[in-house]
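Working through the structure, step by step
One letter stands for each residue in the lines below.
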Amino acid sequence: MGGFKSKIDRRTLLKGTAAMGAAAFASPYFFTKGASAYVNEPTGSSVTFGFNVPQTGAYADEGADELRAYQLAVEHLNGEGDGGLLNTFSSKELKGSGVLGKKVEFTTGDTQTKSDAARASAKRMIEKDGAIMITGGSSSGVAIAVQSLCQEAGVIFMAGLTHSNDTTGKDRRRNGFRHFFNTEMSGAALGPVMEANYGNDRKAYHLTADYTWGWSQEGSIKKYSEAIGWETVNAVRTPLGAGDFSQYITPVLNSGADVLILNHYGKDMVNSLTQAVQFGLRDKQVNGKNFEIVVPLYSRLMAQGAGENVKGIFGSTNWHWSLQDEGSQAFVKSFGAKYGFPPSQAAHTCYVQALLYADAAQRAGSFNPCAIVEALEGFEFDGMGNGPTLYRADDHQCFKKVLVVKGNENPTSQFDLLEVVQEVPAEKVTYDPTGDEFAGDLGACNAG
Amino acid sequence: MDAILLQVLNGLDKGAAYALIALGLTLIFGTLGVVNFAHGALFMLGAFCAVTINRALTLEKVALSETQTTAWGTPLEIRTPYAQEWFGDFGLTIIDYSVPLSILIAIPFMLLVGIAMERGLVRFFYKRPHAEQILVTFGLAIVLQEIVKAIYGANPIQQDAPSIVQGAADIGALFGDPGALVYPWWRIVYLIFSGVVIAAVFAFLQFTTFGMVVRAGMADRETVGLLGINIDRRFTIVFGIAAVVAGLAGVMYTPILPPDYHIGMDFLVLSFVVVVVGGMGSLPGAVAAGFLLGVLQSFASMTAVRDILSKVGIVGLDQIIIYLVAIVVLLVRPRGLMGRKGVME
């Protein structure tokens, strides 16, 4: 004993303590938090998904549609209903018996379309409800905030409706994935259509929502409209939720511009478009041409609010229920039969994200976030409504067809508001993930 | 020159909406001394009167198609408004005029809402501090918003102006320069309508016995009470009138801005600024400040003004001009433009 004692001097003890401290600091979550290999590893017969959608606030209706889609996805994953897109999905790993033999359950949170509220609800679902992953949302600001929280917490984030380049650009994270398209793709898809319909000699005036998505959208449309020879006369930032846009529209009338680009979404889009039409912009002739309006990002739910004013106006969208491919038809059939109306693009992207996550877990044989990341990176699939799709490993962005749509001149029903003008193939909207506007660092995956 | 005229017109138009709401706020504050944060919700309720009337008029008969189906396999619904089914073209005309027709329903409805609000809730807070009045009325506004959202959803609901006043008026053509100055017909209608409502409220207060008593009550409530006049009852009716003014402003605004449950809150903050700039308790002050701030806001957005400002390094002034003017006015005239001594002091 005495000999043993004499071997441990003060210096050795200090070294040992430091080494243990370092080991504890560097050790994975499972050494410090019980026996789990990763955060919220399911141990029972079920696994819990966390659906974080706006249930209150201006995007509550869009959030409600997302939630409907998630509930449908859970039913299909558990073998209830008609199976929806599981029947058309190119990967056949999911058999309608849950995921990895576990029944899928879910918990929901309210993002309120506010970054802090969304982070709080995601945190609650991870820490209290044991959510294995978080998905949903209807705003880029929220998506970026929740994505970074999920990265820190060590769970996967499958983004809902978020269109800013930054989500998979400078703010990309290894644990985050986006199926929805972005402003760069909208610009790339709309550019040739604007050229074909309105020519090369045009003067554009931008009204832009003054926040991250608006700036991203303005930049992309400027890039692609100037590339086809259009001149940007002015780009005016408008406060989010301005309500009455008349003070911003009246200067357009005498600006010499012959195209108005409305980089607005949701309520702002409804209001600015309605008011632009009221001011007679669409009946106006400038520089010997008809004045035109372009809405780069359309949402059918919101287009309902703008009524007749959307007729003939070009824009882009991620997906539309009138698509005739097998996958889209299967989804519309399942959703329509359950709820009595067709799904929105927000519902579609959320449903697909839930299935893609489940499929990745099934293929990986684990819910470990790092295994899921590996399964999703570079994953190619089809049958989900957008044609052949790639989840690019470099930035976790999906590349697939982008739809150019136009407000329907002769709608046959209250849902038939948009008409698909062109399905722009994925290769036309693919960009370099290391370009100046997109460069970011995914970092390492975090399993908690 | 055309651009300046256009902005003046637009400013007056924006100011008209501010003035109408601020007028109601000032009426309530001037008579009852209550800071009513639920006033925006009254504007919103008015707007949803128009939505409700429109929904009622466009109630549809649903028949199922025998030949066509929806994308999800159920028979296609063929919808025809009952009004059209029963009255033919006359029914369609009624639907076309649903916004102005809503006024007929909105007046009694808003009067009742105003009276119920005052008798049922606000009167219990007369002797309480302003902070508590603000809290309770703000809470009421949130409750009303959530009720409307539960019924109508969160998305804006488009309301069309009658087809005869849709589109834009070519004012320039009147002066021999077609296309130089165009302005939406409905906004012109709104401006005239606001003028009529404001004039009616002033005439009512100025030229009727009821108005005279109310004005006397505003000046010295106690003395009027000592004369044996039930001033409380009259003030309740004034609350109702203020609610009607806000409601009518809301009804007529729906074709300009598709209403949603939050539309009142969007206006409320600006309207309080208008009231403070005009002078607490001053009716002409509220109206004048409404138009003044509307015009200033409009001018700050002019391209020429923005260009000059950006050259000296100022951007985004249009977004804060109202608050900037409020600060300057309050520094120079702490009681506002036409504020009376002793009010809120």
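Residues numbered from 1 in each chain as written. Chains lettered and ligands numbered in written order. Predicted model: local features only at pLDDT ≥ 70, side-chain atom pairs only at ≥ 80, totals over all residues. Heavy atoms only, no water.

**Let's talk about the confidence of the model for chain A**
All names here are of chain A.
- Chain-level pLDDT for chain A is 90 on average; 92% of the residues reach the 70-or-more range.
- Put simply, helix H3 (residues 29-32) is where chain A has its lowest mean pLDDT, 41, and strand E4 (residues 156-159) is where it has its highest, 98.
- Taken as a whole, residues 1-8 scores under 50 in pLDDT and shows 2 contacts with residues more than four places along the chain or in a different chain. (pLDDT = per-residue confidence, 0-100. Helix = DSSP H or I, 4+ residues; strand = E, 2+ residues; numbered from the N terminus. Contact = heavy atoms within 4.5 Å.)

**Observations regarding the pairing of strand E11 (residues 292-297) of chain A**
All names here are of chain A.
- A large share of E11 lies buried, amounting to 6 of its 6 residues.
- Where strand E8 (residues 259-263) meets E11, 3 bridges bridge the pair, whose relative direction is parallel. Paired with Leu260 across the strands is Ile293, a residue of E11.
- Relative to strand E12 (residues 314-317), E11 runs parallel, the two being bridged by 3 bridges. Note that in E12 the partner of Leu297 across the bridge is Ser316.
- For the crossover that starts at E11, traverses helix H11 (residues 300-306) and ends in the parallel E12, the hand is right-handed. (Buried < 20%, exposed > 50% of the residue type's maximum accessible area, 1.4 Å probe, protein only. Pairing = 2+ DSSP bridges. Right-handed = clockwise from strand over helix to strand, strands pointing away.)

**Considerations on the packing of aromatic side chains**
Residue and element names in this part refer to chain A.
- The full count for this structure, using the stated rule, is 36 aromatic pairs over all chains.
- Here the aromatic rings of Phe177 and Tyr391 are separated by 5.3 Å at their centres, their planes lie at 85 degrees, and the arrangement is edge-to-face. On the criterion of sequence distance, the pair formed by Phe177 in strand E5 (residues 176-178) and Tyr391 in strand E14 (residues 389-391) is long-range, its members being 214 residues apart.
- By relative accessible area, Tyr391 is classed as buried at 0%.
- A connected cluster of aromatic rings, assembled from ring pairs, spans Trp319, Phe331, Phe335, Tyr339, Phe341 and Tyr351. (Phe/Tyr/Trp six-rings, centres within 6.5 Å; stacked < 30°, edge-to-face > 60°.)

**Topic: the state of the cysteines**
Residues and elements named next belong to chain A.
- Going through the model one piece at a time under the given rule, you end up with 1 disulfide over all chains.
- One disulfide bridge connects Cys370 with Cys445, the sulfur atoms lying 1.8 Å from each other. As the torsion about the S-S bond is roughly 100 degrees, the Cys370-Cys445 disulfide counts as right-handed. Taken as a pair, Cys370 in helix H14 (residues 369-376) and Cys445 in the segment after helix H15 (426-429) lie far apart in primary sequence, 75 residues in all.
- Judged by its relative accessible area of 25%, Cys370 is partly exposed.
- With no disulfide of its own, Cys150 lies 14 Å from the sulfur of Cys445, the closest cysteine sulfur.
- According to the relative accessible area criterion, Cys150 is buried, its value standing at 0%.
- A disulfide-free cysteine, Cys398 has its sulfur positioned 13 Å from the sulfur of Cys350, the nearest such atom. (Disulfide = S-S within 2.5 Å.)

**Some remarks on the domain arrangement of chain A**
Residue and element names in this part refer to chain A.
- For chain A, the assigned domains are domain 1 (46-181 + 321-395) and domain 2 (184-317).
- Distance between the C-alpha centres of domain 1 and domain 2: 30 Å.
- On the domain 2 side, the residues contacting the 18 residues of domain 1 number 18 residues.
- Summing both partners gives a buried area of about 1500 Å² for domain 1 against domain 2, and 56% of it is carried by carbon and sulfur.
- Three residues stand out in domain 1 for area buried against domain 2, namely His163, Phe181 and Gln345, and they jointly supply 37% of the buried area on that side.
- Linking domain 1 with domain 2 are 0 salt bridges.
- At the boundary of domain 1 and domain 2, one finds 11 residue pairs in polar contact (both at pLDDT 80 or more).
- At the level of secondary structure, the elements contributing two or more residues to the side of domain 1 that touches domain 2 comprise helix H4 (60-77) and helix H6 (140-153).
- Residue contributions to the side of domain 1 that touches domain 2 peak at 3 residues, all from H4.
- Considering only residue class, the side of domain 1 that touches domain 2 consists of 7 nonpolar, 7 polar and 4 charged. (Domains from an automatic or database assignment. Buried area = accessible area lost by both parts, 1.4 Å probe. Salt bridge = Lys/Arg side-chain N within 4 Å of Asp/Glu carboxyl O. Polar contact = N/O pair within 3.5 Å; in protein donor to acceptor, adjacent residues only side chain to side chain. Nonpolar A, V, L, I, M, F, W, Y, C, P; charged D, E, K, R; others polar.)

**Some thoughts on the sheet that holds strand E2 (residues 103-110) of chain A**
Residue and element names in this part refer to chain A.
- Read from one edge to the other, the open sheet built from 5 strands follows the order E2-E1-E3-E4-E5, with strand pairing classed as parallel. Looking at strand neighbours, the two that pair on one side only are E2 and E5, the edges of this open sheet. Neighbour to neighbour, the strand axes of the sheet diverge by 25 degrees on average, direction disregarded.
- Across 8 bridges, strand E1 (residues 46-53) lies against E2 in parallel orientation. (Axes fitted to C-alpha atoms, helices over the stretch in contact; angles between N-to-C directions.)

**Section: the sheet that holds strand E17 (residues 418-424) of chain A**
Residue and element names in this part refer to chain A.
- Read across the sheet, 7 strands follow the order E7-E6-E8-E11-E12-E16-E17 without closing on themselves; strand pairing throughout is mixed. Of all the strands in the sheet, the pair left with one neighbour each is strand E7 (231-238) and E17. Each strand axis lies, on average, 20 degrees off the axis of its neighbour in the sheet, ignoring direction.
- For E12 and strand E16 (residues 402-407), the ladder comprises 4 bridges, and the chain directions are antiparallel. Note on E16: the bridge partner recorded for Phe314 is Lys406.

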